[in-house]
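# What the coordinates show
Below, each chain spelled out in residue letters.
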Amino acid sequence: MRNVVSISRDDERLEAASRWGLKIDEGLSASEEAALAAWLDEDEKHRELLVEVAAVWDKTDSLARLAELFPHDADADEVSRGSRHGRWAQGLAAAAGLAALLIGGVLLLNPGADTKSPASDGAIVTSAEYETAIGGQKIALLPDGSEVVLNTNSQLAVTFTPSARVLRLARGEILVRVAEDPVRPLSVVAGDRIIQAVGTVFVVEITAERQVELMVSEGKVVIGVQPPAATSPHAGDADVLNTAFWPPVLALAEDNVVSAGEAVTLGAPDPVKRTVSADDVEVRLSWEEGRLIFRSEPLEKALQEVERYTTVEFVFLDESLRTRTLSGRFRAGDVEALLLSLRVNFNITHEYDGEGRVLLSSL
């Protein structure tokens, strides 16, 4: 039984479409126009994804302008003979028109998920919401070029203004690759904690105990506490756009910086930074490739991690099994392969109770 797979080819295509969307908005060189034409010709799905990206971030005007660079060849014979630019321009022009219609469709299918609204000072606020199911993953490419990978059972709200980049993690875990912007730090708000960066790579998880686990793999981040009045805007759009709800820009201090190769549990009684090795980072981020790696992990803790990727619950009938150690690589959510390994290597047998629980005992 497997409830999650590694990042699929469609996710790779979506990421490519998002990058092209950003480049289109910035303006393409002649070589980039040719490269985009070739990419669109590779697969019909590429056009659809580019349209979706344009709709989500309201970039259909850019898409329409690009279509004008390749006017459709009215000669039907030329099209029938396979003129690349003729076929591509026809499809892109249609895509640009379709994108304008899709904007309404996207908002209708997922109300409020992707919106642009004016703030009180007239600045445009762009917002979006992302969510994954148990065992699911999702890649979100943000308007500034930052990338967020959502792990299983995660919920994230993204808000961008000309002066702020804010990600509010309601539950789950995210890997953030921050595009550098010295004048507009990116803030991740998890509970009452703020993790802020200019350009770096880090992972944030809200644990079952509602603590915030932070690990930095590149660069450094600044950590702080969100003022009480700004923790959870949910009364309406007016609150969301109120600047009182934006996290403050954090100043660097000796005790609030977490650098590459360090991790910390925020919200713990005594949050002490700890060093993580390259192997630790590989284990911590193995989920991005649809795997779980355990190195001498207590079985109870390892199975708690497995439960995050499946609806199955593990129950120990033999209490002595909890402290047995588990090492190995497993596909996230592949419960059957894990149970087979426990039986073969640890003499641990199991049975299902019919209510989504796996009962574990010694042979």
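These numbers were taken from a predicted model, which means no experiment stands behind them.

### Things to note about the overall build of the protein
Secondary structure summary: the protein contains ten helices and 19 strands in total. The proportion of buried residues among the 363 residues of the protein is 45%. Roughly 17900 Å² of accessible area belongs to the protein as shown, and the carbon and sulfur atoms make up 51% of that amount.

### Some details on the packing of aromatic side chains
Applying the stated criterion to the full structure yields one aromatic pair. Taking the centre distance of 6.2 Å and the plane angle of 45° together, the rings of F294 and F330 count as tilted. Here F330 lies in strand 17 (residues 325-331) and F294 lies in strand 15 (residues 291-298), a separation of 36 residues in the sequence. Under the relative-accessibility criterion, F330 is labelled buried at 12%.

### Description of the layout of surface pockets
Quantified by volume, the second largest pocket comes out at close to 1200 Å³. Taken together, 38 residues make up the lining of the second largest pocket; nearest its centre are E205, R284, K301, E305 and R308. Residues belonging to the lining of the second largest pocket are distributed by class as follows: 14 nonpolar, nine polar and 15 charged.

### Focus: the pairing of strand 11 (residues 220-225)
In the sheet, strand 8 (residues 193-197) pairs with strand 11 via four bridges, with the strands oriented antiparallel. Its bridge partner lying in strand 11, R193 is registered against V225. Bridge count between strand 11 and strand 12 (residues 257-259): three bridges; the pairing is antiparallel. Opposite V222, over in strand 12, you have V257 as the bridge partner.

### Regarding the pattern of salt bridges
A complete count under the given rule lists 21 salt bridges for this structure. For the salt bridge of D192 with R193, the shortest nitrogen-to-oxygen distance reads 3.1 Å. With relative accessibility at 34%, the residue D192 sits in the partly exposed group. One salt bridge in this structure joins K301 and E297, with 3.5 Å as the shortest N-O distance. Overall, the relative accessible area of 52% leaves K301 in the exposed class. A single network of salt bridges, built from pairs that share partners, joins E173, E205, R284, E305 and R308.

### A look at the confidence of the model for the protein
Overall, the predicted model of the protein reaches an average pLDDT of 77, with 71% of residues at or above 70. Every residue in residues 230-244 scores below 50 in pLDDT, and together they form 18 contacts with partners more than four places removed in sequence or on other chains.

### Description of the environment of V212
Tracing the backbone shows V212 in strand 10 (residues 212-218). When the C-alpha positions of V212 and I194 are compared, they lie 9.9 Å apart, and in sequence the two are 18 residues distant. In contact with V212, other than residues within four places in its own chain, are A190, R193, I195, V204, E205, V264, T265 and L266.

Conventions adopted
- Residues numbered from 1 in each chain as written.
- Predicted model: local features only at pLDDT ≥ 70, side-chain atom pairs only at ≥ 80, totals over all residues.
- Heavy atoms only, no water.
- Helix = DSSP H or I, 4+ residues; strand = E, 2+ residues; numbered from the N terminus.
- Buried < 20%, exposed > 50% of the residue type's maximum accessible area, 1.4 Å probe, protein only.
- Areas by Shrake-Rupley, 256 points an atom, 1.4 Å probe, with all protein chains shown as cover.
- Phe/Tyr/Trp six-rings, centres within 6.5 Å; stacked < 30°, edge-to-face > 60°.
- 1 Å grid on protein atoms, 1.4 Å probe; cavity = no way out; pocket = protein on both sides within 12 Å on 5 of 7 lines; lining within 4 Å.
- Points joined across faces, edges and corners; volume = space filled by probe spheres on them.
- Nonpolar A, V, L, I, M, F, W, Y, C, P; charged D, E, K, R; others polar.
- Pairing = 2+ DSSP bridges.
- Salt bridge = Lys/Arg side-chain N within 4 Å of Asp/Glu carboxyl O.
- pLDDT = per-residue confidence, 0-100.
- Contact = heavy atoms within 4.5 Å.

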